[in-house]
Amino acid sequence: MAAEQRNPFKIVQGQIRQAVEALGLEPSVYEIMKQPLRFLEVAVPVKMDDGSVRVFQGYRSQHNDAVGPCKGGVRFHPDVYADEVKALSVWMTIKCAVLGLPYGGGKGGVACNPKELSKGELERLSRSYIRAISQIVGPEKDIPAPDVYTNAQIMAWMTDEYSQISQKNQFGIVTGKPIIIGGSLGRNEATARGCVITIREAAKKLGIEIRGARTVVQGFGNAGSIAAKLMHDMGAKVIAVNDTKGGAYNPNGMDPDALMKHKAETSSVVNFPGSTPISNRDLLALECEVLIPAALENQLTSENAADVKAKIVGEAANGPTTPEADETLFKNGVFVIPDVLANAGGVTVSYFEWVQNLMNFYWTEEEVNSKLERMMISAFNAVYEMHKRKNVKMRDAAYLVAVERVANAMRVRGWLG
Ligand code: GLU
């Protein structure tokens, strides 16, 4: 058997090719979509606290802008590499198209370990990165946002640096900003909120009761921790969570607020009072109704997918499931809500934030949340209908919906000949 494909860029190229063929589209759709329209590699020099200069490797990928400017986060992580950033930008194109947002896909990253940087170094890195990519981004061209290990403060530094370069405030350059400089209410929780909405809709279709549903969350960052909290608020029982340092398991359920507090104090969920430690492998194999992978790519693989006992997998992370694992889960009747739908709440509220910036008129949290809810439900239903009609996985259905939309835009714009 061929080695399992774990290069996310190769994986997403396969997904696009499959959708183009299934839709009977012109081969040029694949030729255009199989790579980013533009990919920039930059050196990101940073003056360190000890006076030395370190040069980090940065990237920005603009996959496709047929339906609107590119949109997507910036990841600060030691393992960031070119093909990962490219794949993440393709996923953004698909995600925006599934939600019907007027955006194409973009993504950026810097290979660095933010946990080892001082606050000053992190600020200089954020400013240096946005300066390095400033020629190709902009409120009408490409709008960065938070992703793994980046947050509202980092977005604020980038907004300030870009505004200084352009000699005017440019709040529409970046989303996920602090509220005081044009951030949107509800943005911080949006990825998790959207994910939980799709899980709730899936549970309705499958006849699963959310109240009391045993929920397991892999990764306890922004998306994972808030998803745990929102599941708990809906009456689900959060029985296990983990982070890079280990896991916490309690079959009677744990309070996500208390878990967040414990993590803030000790930097990990490990040793949460009342819990027992659990390995990542055992956590993914727990008896439960809902499993939320909220960490990085390639977590569910051919090695562990057969052990998954969850009824619903809601992918809060990008690319957590390899194609081989996806097949296994499908065969075993696990309902997988794919990343490009399940975690699209983040970019959807980023869109709302950008609209508010352009209008200079701001919405209440209720307005944001109810618009998000409407859009997530309608995207879920579009994908679900395609899944039923074509008898394909939810992931394949999402790609069919998205690739068709992007192809239509490229066709009317005259890109396809
Ligand atoms: N990084 C998030 C994602 O992967 C959000 C992107 C955005 O808000 O532009 O969807």
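Residues numbered from 1 in each chain as written. Predicted model: local features only at pLDDT ≥ 70, side-chain atom pairs only at ≥ 80, totals over all residues. Heavy atoms only, no water.

Draft legend 1. Layout of the sheet that holds strand β10 (residues 276-277). Here 7 strands make up an open sheet; going across it, the order is β10-β9-β8-β7-β11-β12-β13 and the pairing mixed. Both outer strands of the open sheet, β10 and β13 (335-337), are each paired with one neighbouring strand and no more. (Pairing = 2+ DSSP bridges. Helix = DSSP H or I, 4+ residues; strand = E, 2+ residues; numbered from the N terminus.)

Draft legend 2. Looking closely at the packing of aromatic side chains. Applying the stated criterion across every chain yields a total of 8 aromatic pairs. Aromatic pair F380 and Y384: ring centres 5.9 Å apart, planes at 15°, arrangement stacked. Here the residue F380 and the residue Y384 both occupy positions in helix α13 (residues 365-390), the gap between them amounting to 4 residues, near one helical turn. Like F380, the residue Y384 is buried in the burial classification. Among the aromatic residues, those joined into a cluster by ring pairs are Y103, Y351, F352, W354 and W363. It is K86 that lies over the ring of F39; its NZ or CZ is 4.8 Å from the centre. (Phe/Tyr/Trp six-rings, centres within 6.5 Å; stacked < 30°, edge-to-face > 60°. Buried < 20%, exposed > 50% of the residue type's maximum accessible area, 1.4 Å probe, protein only. Lys NZ or Arg CZ within 6 Å of the ring centre and 35° of its normal.)

Draft legend 3. Fine view of the side chain of N242. For N242, the location among the structural elements is in strand β8 (residues 237-243). Side-chain polar atoms of N242 contact the backbone nitrogen of G219, separated by 3.0 Å. Dropping the residues within four chain positions of it, N242 is found in contact with V217, Q218, G219, F220, G247, V269, N280 and L283. (Polar contact = N/O pair within 3.5 Å; in protein donor to acceptor, adjacent residues only side chain to side chain. Contact = heavy atoms within 4.5 Å.)

Draft legend 4. Seen up close, the pairing of strand β11 (residues 290-293). Neither face of β11 is exposed, since V290 and I292 on one face and L291 and P293 on the opposite face are all buried. Relative to β11, strand β7 (residues 214-218) runs parallel, the two sharing 4 bridges. Counterpart to T215 in the pairing with β11 is V290. Note that β11 and strand β12 (residues 312-314) share 2 bridges and pair parallel. In the sheet register, V290 faces β12, and the bridge partner there is I312.

Draft legend 5. Up close: the environment of E327. Inspection of the secondary structure puts E327 in helix α10 (residues 323-331). With 66 residues separating them along the chain, E327 and K393 place their C-alpha atoms 8.8 Å apart.

Draft legend 6. Quick peek at the site of the ligand. Around the ligand, a shell composed of 14 residues is seen, among which K71, K95, P146, D147 and S350 lie nearest. Compared with its free state, where it exposes 300 Å², the ligand has 95% of that area covered by protein. The set of elements that each furnish at least two residues to the shell around the ligand consists of α3 (82-99) and α12 (345-359). The element contributing the most residues to the shell around the ligand is α12, with 3 residues. Counted by class, the shell around the ligand contains 4 nonpolar, 5 polar and 5 charged residues. (Near = heavy atom within 4 Å. Areas by Shrake-Rupley, 256 points an atom, 1.4 Å probe, with all protein chains shown as cover. Nonpolar A, V, L, I, M, F, W, Y, C, P; charged D, E, K, R; others polar.)

Draft legend 7. The arrangement of the pairing of β7 in detail. Counting buried positions over the 5 residues of β7 gives 4, a clear majority of the element. The sheet contact formed by β7 and β8 spans 5 bridges and is parallel. Note on β8: the bridge partner recorded for T215 is V238.

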